[in-house]
Amino acid sequence: MTLDLFSADEDALPSHEVICPGAVLLRRFALPHEANILQALHSILASAPLRHMHTPGGFRMSVAMSSCGTLGWVTDPHGYRYTRINPENNQPWPAMPAGFLQLAHAAALAAGFTDFVPDACLINRYEPDARMSLHQDKNERDFSQPIVSVSLGLPAVFQFGGMQRSDAAVRIPLGHGDIVVWGGPSRLRFHGVLPLKAGQHPLLGAQRINLTFRKAG
Ligand code: MD6
Ligand code: FE
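This one's a predicted model, so the numbers in the text were calculated from it and none came from an experiment.

**Side note on the nonpolar core**
Core analysis: the biggest nonpolar cluster contains 28 residues, and Phe100, Val148, Val150, Ile179, Leu211 and Phe213 have the highest contact counts within it. Of the residues forming this core, the biggest block, five residues, is contributed by helix 2 (residues 98-110). For Leu211, the contacting residues outside a window of four places in its chain are Ile37, Leu41, Phe100, Cys121, Leu122, Ile123, Val148, Ser149 and Val150. Among the nonpolar cores identified, the runner-up in size contains 27 residues, and Val74, Ala120, Ala156 and Leu174 belong to it.

Printed below as a string of structure tokens:
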């Protein structure tokens, strides 16, 4: 009998890959937390439902969004910004669950960023064909803090570019449970998500959910 060291079992282990300085991919890091995350998401989205916002230029976003934490990210004809009140229902955003905070903190630490305490978690839902065009995350106050991005459900192709929109972008497939931590010299890189391919995920069905944790205020 031969021991198969490179069997499919290896695909079940977490991994740590540096994408470029400041950007780390932690494959499967969120898997042990999937049940907790989905349960918490269910109640967050019951009080702050996902909705398709419009860009300042007037385009309806194909990604449906909500937020939890002290600050939530919104876009409307006045621009992109963080607010304490959800403009859809004039209520504060749902609190960030302790489990979300702990996961984001642990992922940041694994990527070399100490003391990450997010005050905003943006919740993105992609259905087939939904995409996010290349953008920079620059509505946050302190760019010394990283962003922790958790992917759940259907796989997607993430694009990491450079500091200019026109810079070449690498493509990284992201699957259920993968986390990207992004900061330092990479913090202001352009990035985006290619149109989601149709499919069925055993837990989430025909969608991808992305959580991005930020220290926004
Ligand atoms: C997404 N993520 O993965 C969209 N931004 O659906 C982002 O826009 C993002 O994943 C900054 C850092 C990590 C991200
Ligand atoms: Fe982003």
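**Concerning the site of ligand 1**
Contacts to ligand 1 come from 14 residues, most closely from Tyr126, Asp137, Ser149, His191 and Arg208. One of the side-chain nitrogen or oxygen atoms of His135 is found 3.1 Å away from an oxygen atom of ligand 1. For ligand 1, whose accessible area on its own is 340 Å², the fraction buried by protein is 99%. Residue assignment for the shell around ligand 1 shows that the elements contributing at least two residues are strand 8 (120-126), strand 9 (132-135), strand 10 (147-153), strand 14 (191-193) and strand 15 (208-214). A total of three residues in the shell around ligand 1 trace back to one element, the largest contributor, which is strand 15. Along the lines of polarity and charge, the residues of the shell around ligand 1 split into six nonpolar, six polar and two charged.

Rules used throughout
Within each chain, residues carry numbers counting from 1 in the order of the written sequence. Whichever chain is written first becomes A and whichever ligand is written first becomes 1, with later ones labelled in order. Where totals are concerned, whole chains, interfaces and linings use all residues; where local detail is concerned, this predicted model gives features only for residues with pLDDT of at least 70, and gives and counts side-chain atom pairs only at 80 or more. Side-chain descriptors were evaluated using all non-hydrogen atoms of the structure, hydrogens and water having been removed beforehand. Grouping buried Ala, Val, Leu, Ile, Met, Phe, Trp, Tyr and Cys residues that are joined through side-chain atoms within 4.5 Å yields what is termed a nonpolar core. When a residue's accessible area, from a 1.4 Å probe over protein chains only, is under 20% of the maximum for its type it is buried; when over 50% it is exposed; and in between it is partly exposed. Put simply, DSSP marks the helices as runs of H or I at least four residues long and the strands as runs of E at least two long, and each gets a number from the N terminus on. By the convention used here, residues are in contact when the closest approach between their heavy atoms is within 4.5 Å. We call a residue near a molecule or strand as soon as one heavy atom of that residue lies within 4 Å of the molecule or strand. Distance and chemistry together define a polar contact, namely a pair of N or O atoms within 3.5 Å, with one atom able to donate a hydrogen and the other to accept it when in protein, and with adjacent residues in sequence counting only for side-chain atoms on both sides. Only the protein chains shown count as cover for residues, and the accessible areas themselves come from Shrake-Rupley with a 1.4 Å probe. Classification used: nonpolar for Ala, Val, Leu, Ile, Met, Phe, Trp, Tyr, Cys and Pro, charged for Asp, Glu, Lys and Arg, polar for all others including Gly.

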